[in-house]
Amino acid sequence: MLDEAKAILKGLGTTFKALAAPRDTYPYPEKRREYSPRYRGKHMLAKDEEGHELCVGCGLCEAVCPAHAIRVVAAEAPGDQPVSWTNRYSVDYEVDLIRCIFCGMCEEACPTNAVRLTPFNELAAYDRQSMIADKQELLHPAIRK
Amino acid sequence: MIRLTIDGQEIEVREGTMIADAAARLGIDIPVYCYHEALGPLGACRMCLVQVEKMPKLATACTTAVAEGMVVHTTGPQVDKGRKGVLEFLLINHPLDCPVCDKGGECFLQDYTFRYGPPQGRFQEPKIQKVKDGPISDLILIDQERCVLCQRCVRFMDEYVGEPELLLEGRGVETVVTTVEGRPAQSQFAGNVIDLCPVGALLAAPYHHKARPWNIEREESVCTLCPVGCTTLTTGRDGRIVRVEGRPVVDRNWGWLCDRGRFGFDFATHPSRLVNSRLHGREEAAARTTREIGQWLREVVAQEGGEAIAVVMGGLHTTEEAHQVYRFATEVLGTRRLVVSRDVPGYVPRGLNGTFEDLSAADAVILVGTDPYESAPVLHLRLRERLKNRRAPLTLMGVAPRNLSRSTLPVETLVTHVGQEADVLAAALKEAAGDHPAVAALLSQGAGIARGIDPTQVSQLSRVLREAERLVVVWDGVEPDVEHVLAALAQARQGQTTRVLPTFGPSNWRGFERAGFDARFDALTRVLEDARDGKIRMLILWGADLLKDYPDRRLVEQAYERVEWLLAEGVFVPEGAEHFDAVVPGAAPGEVYGTYVNMEARLQIASPSVNPPGQARPTKSYLTAWAHALGKPFVVDEEWDPYDDASGDLLPEEPLPQDIEAIRAPDLPEGGVELLVSAQVWANGIPSQILEARLEAAQIARISPLDADALGIREVGVIRVESAEGVLELPVRVDEHLTPGRLLVPLGVGALPVNRLRPGVVKVQRLEEVQTP
Ligand code: SF4
Ligand code: SF4
Ligand code: SF4
Ligand code: SF4
Ligand code: FES
């Protein structure tokens, strides 16, 4: 009898200790964790100060990607409306976020520092198609709150 | 022979060999920019530095001839230092824009810099800025900043092609490659400078920013646009062919192409490309079309047997496809009426067929009827290279209804009347070897008069026929009797070599012959006559377009009208679409694996770099489906190949033709303008959007300035041509080089249906003159 009451008290003791202890979980999404500044999440395509796309469509990221997640189609940059800082740009740029292993090699290979991995990691969708990020999506990256 | 040591290996080479070539024979790679074996040494880039013992300084391997006992080191600290220095200098003003450069990834400046170059340049000053992506022509771009001034391009155009359209301008670091007075380069060989340029300075405009070397399918292939059959590399990207490059074959060719072949690859993606089946002139599902065709085939075979069906092979099909059609026709349908689509009546027996090696070794070449510059451009380059070899002089003569001489290739031409070439050749042969039984047989009907031809020229020709040790005849097949003269000539010249290179098409006709088809013109004519006479119920055209090609349009029309079923397979809808019951879309070159046989009777393999578009299917898909509909087994024999173990990549040798047919002297016209046809790669009826402007400019009839004057045409006009067979309206332009009294019309152009008339004298009248601004 006494033994049993002792066991209950011990159990409760653990419970009350845990109640007061600092928490390991986060009340996501109301509160979010701070990540390392080197965290690699979803890609973005950067622009320069004048708003020109940095990507020249060289395809080096496509070539280096171990997961074959990137597709680049290059073309002569349109002369009338300067979208690019030079005469070549990518008309089409896609990252398949299901294939991507977030290794960051694309970022490392890029000669113009155009493709970058942002900390944004809220990657979920109802179908595979919407997990392919196209150029417009990458040019306007989502911000992690 | 000279013995020397390179990197510890001994080698013996001919006197006068350069160290670079000797090293190449040992498999030692010496980096070069300016040196190219076809162009000879120059020593402009200094990239090829090597160390030669007993020489005080590093020597350029491309300009230093070997010497007895020479000891060469192609590696070592001194050599590395030299190359490093050269590269640092080359990169001083180089823009380093590899990421936007089409050559990036396949560039010798990149490769050598990675291997030998300095990791960092010491030059801090701003780089000199020059023209980027400027035009050399509508097809070629130049980025002067990337140029390493190796001069390959300039020398190729100037010395090798003989059309000096590029030059170096400026001095020192300001030197740039540009065109003469900024005019766009027009030469049909200009595209080769793209392949020659070791860096990304000269670029193909249609390929600009299209792809990178690692995301393409680059396959060994063959150009099928003319019978030369140049070896190519075909680049496919995302299911489209985007580039064609020359592919050098060691000891055989330098990999030159003409611009027709280099940029004319887009016919497969042309808007007029057939990508859906057509039934009675309307697009129809492939399955339904197959069902219908199967029904017709069943009906004809059941009622009259396979002999009521004839198959005409043509177009750009491979030898393997032709063999599949052959087997289907003989085994499933049971017909032996298997012929090849022809646009000229001539034929060259295999026993007479020569190779390009024969051409290089020849001491005399006779062009009969054909101007290779127009009919087989790279053959023109080969002739020029042969002519420039001063160690072995070449006699170059021509027998043709027009002057064949060009500034780049002077030809002593015997200008005949239309249809007189065989007679003139026979006359020269009579003088050279009149008593030979073969010649006597040839002349037994009285040919060999050469009326109106300067006798001294005939004697000159006869001397060539008699004395040339190795004679090569290049012939366009327009005048069929020439075949018999050539056979007799080969017999009379037993002991000396006599070889013929045919420049007529379809480009793979010899391959069709190998597959079992009868390539003789007469066989085709018989089939058409039988069709006209109602002996054939079904005519199947496999890639062929007879209305466009066959020399007698009337006969084709009658045949088309008479046959019950007219089927076609092809890349385009054949002319006279209203006649066809069904047209099915086939695969084009670059979309199937197979071999092509060129004018040398040489087999060359082509691998596909894309898939056929839309509903287009390779030949075997149709054949198996149709055989299924007929309820007969038909398994495509994938193992079959056209090669012969003994003859390697040439088709098996055959003996010289023995029976000599006598020829008659032609009835010669008196005065008047003579209509003359010729095959021309720039006007061969195969469309291209990239080359649209150039093709349009070439698809026109031509008259001499003298005749133009008489008609009152200054540059371009429209004329009315009349002969016994009918009337034709043709656009014409003035051609300075054309012999007066001739009207030259390209063969196989839909807009110039010259096969309504026969070659010979015509009445010409001006309809209007077109002013060009
Ligand atoms: S992060 Fe790695 S896997 Fe993802 S796209 Fe870039 S290279 Fe490919
Ligand atoms: S993102 Fe960078 S590496 Fe990728 S294609 Fe653009 S410029 Fe090249
Ligand atoms: S353009 Fe190319 S081929 Fe011509 S000189 Fe410059 S580097 Fe040489
Ligand atoms: S010469 Fe003939 S085969 Fe060669 S590239 Fe030109 S068209 Fe093609
Ligand atoms: S390759 Fe020898 S100097 Fe250019």
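Here the structure is shown first, and the text comes after it.
Predicted, not measured: the structure shown is a model, and the values here were computed from it.

(A) Local environment of the overall build of chain B. A count of helical and extended segments in chain B gives 22 helices and 33 strands. Relative to the globule expectation of 28 Å for 773 residues, the C-alpha radius of gyration of chain B, 28 Å, shows essentially globular dimensions. Along the first, second and third principal axes, the C-alpha set of chain B runs to 85 × 65 × 60 Å. Counting only residues that meet the buried cut, chain B has 60% of its 773 residues in that class.

(B) Spatial organisation of the environment of P613(B). Residues and elements named next belong to chain B. Along the chain, P613 falls in the loop between β27 (603-606) and α20 (619-630). The class of P613 is partly exposed, set by a relative accessible area of 26%. In this structure, the C-alpha to C-alpha distance between P613 and V348, residues 265 residues apart in sequence, is 36 Å.

(C) Main features of the pattern of salt bridges. Residue and element names in this part refer to chain B. According to the stated counting rule, one finds 54 salt bridges over all chains in the structure shown. For R262, the salt bridge goes to D195, with nearest N and O atoms at 3.1 Å. Of this pair, R262 sits in helix α6 (residues 259-263) while D195 sits in helix α5 (residues 192-196); the two residues are 67 residues apart in sequence, bridging distant segments of the chain. What makes R262 buried here is its relative accessible area of 2%. By relative accessible area, D195 is classed as partly exposed at 28%. Through salt bridges with shared partners, one network takes in D371, E374, R402, R406, R702 and D735.

(D) Main features of the packing of aromatic side chains. Residue and element names in this part refer to chain B. Overall, the coordinates contain 19 aromatic pairs over all chains when judged by the stated rule. The interplanar angle of 45° and the centroid separation of 6.1 Å between the aromatic rings of Y622 and W626 together place this pair among those described as tilted. Taken as a pair, Y622 and W626 lie in helix α20 at a separation of four residues, close to a single helical turn. No difference in accessibility class separates Y622 from W626, as the two residues are buried. One aromatic cluster is present, built from ring pairs that chain together F328, W542, Y622, W626 and F634. Its guanidinium or amino end placed over the ring of Y116, R83 lies 4.9 Å from that ring's centre, counting from NZ or CZ. Taking NZ or CZ as reference, R342 lies 5.9 Å from the ring centre of W509, over its face.

So, how was this worked out
- Residues numbered from 1 in each chain as written.
- Chains lettered and ligands numbered in written order.
- Predicted model: local features only at pLDDT ≥ 70, side-chain atom pairs only at ≥ 80, totals over all residues.
- Heavy atoms only, no water.
- Helix = DSSP H or I, 4+ residues; strand = E, 2+ residues; numbered from the N terminus.
- Rg over C-alpha atoms; globule rule 2.2 N^0.38 Å.
- Buried < 20%, exposed > 50% of the residue type's maximum accessible area, 1.4 Å probe, protein only.
- Salt bridge = Lys/Arg side-chain N within 4 Å of Asp/Glu carboxyl O.
- Phe/Tyr/Trp six-rings, centres within 6.5 Å; stacked < 30°, edge-to-face > 60°.
- Lys NZ or Arg CZ within 6 Å of the ring centre and 35° of its normal.

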